[in-house]
Amino acid sequence: MSNNINFKDLWTKQTSVAPNPENIIADIKKMKQSNLKKLVFTNLLLIATSIFIICIWMYYQPQLLSTKIGIIITILAMVIFLLANNKSYSLFKSDKNSQSNSDYLKDLLTIKAKQKFMETTMLNLYFILLSIGIGLYMYEYTSRMKPIWGIVTYGITFIWILFNWFYLRPKQINKQRAKLDAIISKFEMVNNQLNG
């Protein structure tokens, strides 16, 4: 009995098993439903936050113009983000069973392009406007504190923004990209085997 196993021959003889197209389509539908739920949740959260901020404005009646501008910029950041984010609603809502493989792939690539735009351009704009808005809003209230407490308040706020920006945001983006890339690569594999 020979112990010489030729791994190269074994590797070349193996056949790659293509993913089941029905499973991939189910994954696509699940991803679309998940993204649609996130879209609805984001809408509800940002609208509720905007209403809360407006109520604070009306109840506390800020005196400084910087506070009012900060509130407006903060709400503007949320509105701009919501408008851009809601443009993807039709991508996640479309669920045609009659779609061909190439249509599914085209949909996925469109979702990927839209997701990249939201993750870069719109999220950057959102964070910049939100940071400016919060900074201006806080000035009136921190100016009444002792300087050390004002610095601590700004410090904690901007550490939280930086934590979101440099840790939570990239982690979430990478997670979403990995899911979408995995589905696209499976779909491309099936498409290539069907067309090849």
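No experiment lies behind these values; they were computed from the predicted model shown.

**As for the overall build of the protein**
Link 1 in the chain: For the protein, the helix and strand inventory stands at six helices and zero strands.
Link 2 in the chain: Along the protein, from the amino end to the carboxyl end, the secondary structure elements read α-α-α-α-α-α.
Link 3 in the chain: Buried residues in the protein amount to 32% of all 196 residues.
Link 4 in the chain: The long-range share in the protein, meaning contacts at least 24 apart out of those at least 6 apart in sequence, stands at 83%.
Link 5 in the chain: Surface exposure of the protein reaches about 13300 Å², of which carbon and sulfur atoms provide 67%.

**Here we look at helix 3 (residues 65-86)**
Link 1 in the chain: Here helix 3 contains 22 residues, and its C-alpha end-to-end distance of 31 Å stays within 8% of the 32 Å for a straight helix at 1.5 Å per residue.
Link 2 in the chain: For helix 3, every residue scored as buried is listed here: Thr67, Gly70, Ile71, Ile73, Thr74, Ile75, Ala77, Met78, Phe81, Leu82, Ala84 and Asn85.

**Re the pattern of salt bridges**
Link 1 in the chain: All chains considered together, the criterion is met by five salt bridges.
Link 2 in the chain: Where lysine 112 meets aspartate 181, a salt bridge forms, and the shortest distance between an N and an O atom there is 2.8 Å. One end of the pair, lysine 112, is in helix 5 (residues 101-142); the other, aspartate 181, is in helix 6 (residues 147-195), and 69 residues separate them in sequence.
Link 3 in the chain: Take lysine 112: its relative accessible area is 37%, and that puts it in the partly exposed class.
Link 4 in the chain: Note on aspartate 181: relative accessible area 32%, which makes it partly exposed.

**Let's talk about the environment of tyrosine 141**
Link 1 in the chain: Within the fold, tyrosine 141 resides in helix 5.
Link 2 in the chain: For tyrosine 141, a relative accessible area of 26% translates into the label partly exposed.
Link 3 in the chain: Taking C-alpha positions, tyrosine 141 is 10.0 Å from threonine 153, a pair spaced twelve residues apart along the chain.
Link 4 in the chain: Once residues lying within four places of it in the same chain are set aside, the contact partners of tyrosine 141 are Tyr60, Pro62 and Thr67.

**Some remarks on unusual backbone geometry**
Link 1 in the chain: Here glutamine 61, not a glycine, exhibits a phi torsion of approximately 45 degrees, which is positive.
Link 2 in the chain: Mapped onto the secondary structure, glutamine 61 falls in the loop between helix 2 (21-60) and helix 3.

**Overview of a positive patch on the surface**
Link 1 in the chain: Positive charge collects at one region of the surface, where Lys30, Lys38, Lys171, Lys175 and Lys179 lie side by side.
Link 2 in the chain: Elements with a minimum of two residues in the positive patch: helix 2 and helix 6.
Link 3 in the chain: Among the elements that make up the positive patch, the one with the highest residue count is helix 6 (three residues).
Link 4 in the chain: With respect to the helices, strands and loops of the structure, lysine 171 is situated in helix 6.
Link 5 in the chain: Owing to a relative accessible area of 49%, lysine 171 belongs among the partly exposed residues under this scheme.

**Some points on the nonpolar core**
Link 1 in the chain: Of all hydrophobic cores here, the largest spans 20 residues; its most connected members are Leu46, Met78, Phe81, Leu123, Tyr126 and Phe127.
Link 2 in the chain: At the level of elements, helix 2, helix 3, helix 5 and helix 6 are the ones that each hand at least two residues to this core.
Link 3 in the chain: Among the elements that take part in this core, helix 3 stands out by supplying eight residues, more than any other.
Link 4 in the chain: Non-local contacts of phenylalanine 127, meaning those with residues more than four positions away in its chain, are made with Ile161, Asn164, Trp165 and Arg169.
Link 5 in the chain: With 16 residues, the next largest nonpolar core counts Leu91, Leu108, Leu180 and Ile184 among its residues.

**What to know about the confidence of the model for the protein**
Link 1 in the chain: Per-residue pLDDT for the protein averages 84, and the proportion of residues at 70 or more is 85%.
Link 2 in the chain: Across the protein, the secondary-structure element scoring lowest on mean pLDDT is helix 1 (residues 7-13), at 51, and the one scoring highest is helix 3, at 94.

Scoring rules and cut-offs
- Residues numbered from 1 in each chain as written.
- Predicted model: local features only at pLDDT ≥ 70, side-chain atom pairs only at ≥ 80, totals over all residues.
- Heavy atoms only, no water.
- Helix = DSSP H or I, 4+ residues; strand = E, 2+ residues; numbered from the N terminus.
- Buried < 20%, exposed > 50% of the residue type's maximum accessible area, 1.4 Å probe, protein only.
- Contact = heavy atoms within 4.5 Å.
- Areas by Shrake-Rupley, 256 points an atom, 1.4 Å probe, with all protein chains shown as cover.
- Expected span 1.5 Å × (residues − 1).
- Salt bridge = Lys/Arg side-chain N within 4 Å of Asp/Glu carboxyl O.
- Patch = residues over 30% accessible without salt bridge, like charges linked within 9 Å, V, L, I, M, F, W, Y side chains within 5 Å.
- Lys, Arg positive; Asp, Glu negative; His and termini not counted.
- Charge placed at Lys NZ, Arg CZ, Asp CG, Glu CD.
- Core = buried A, V, L, I, M, F, W, Y, C linked by side-chain atoms within 4.5 Å.
- pLDDT = per-residue confidence, 0-100.

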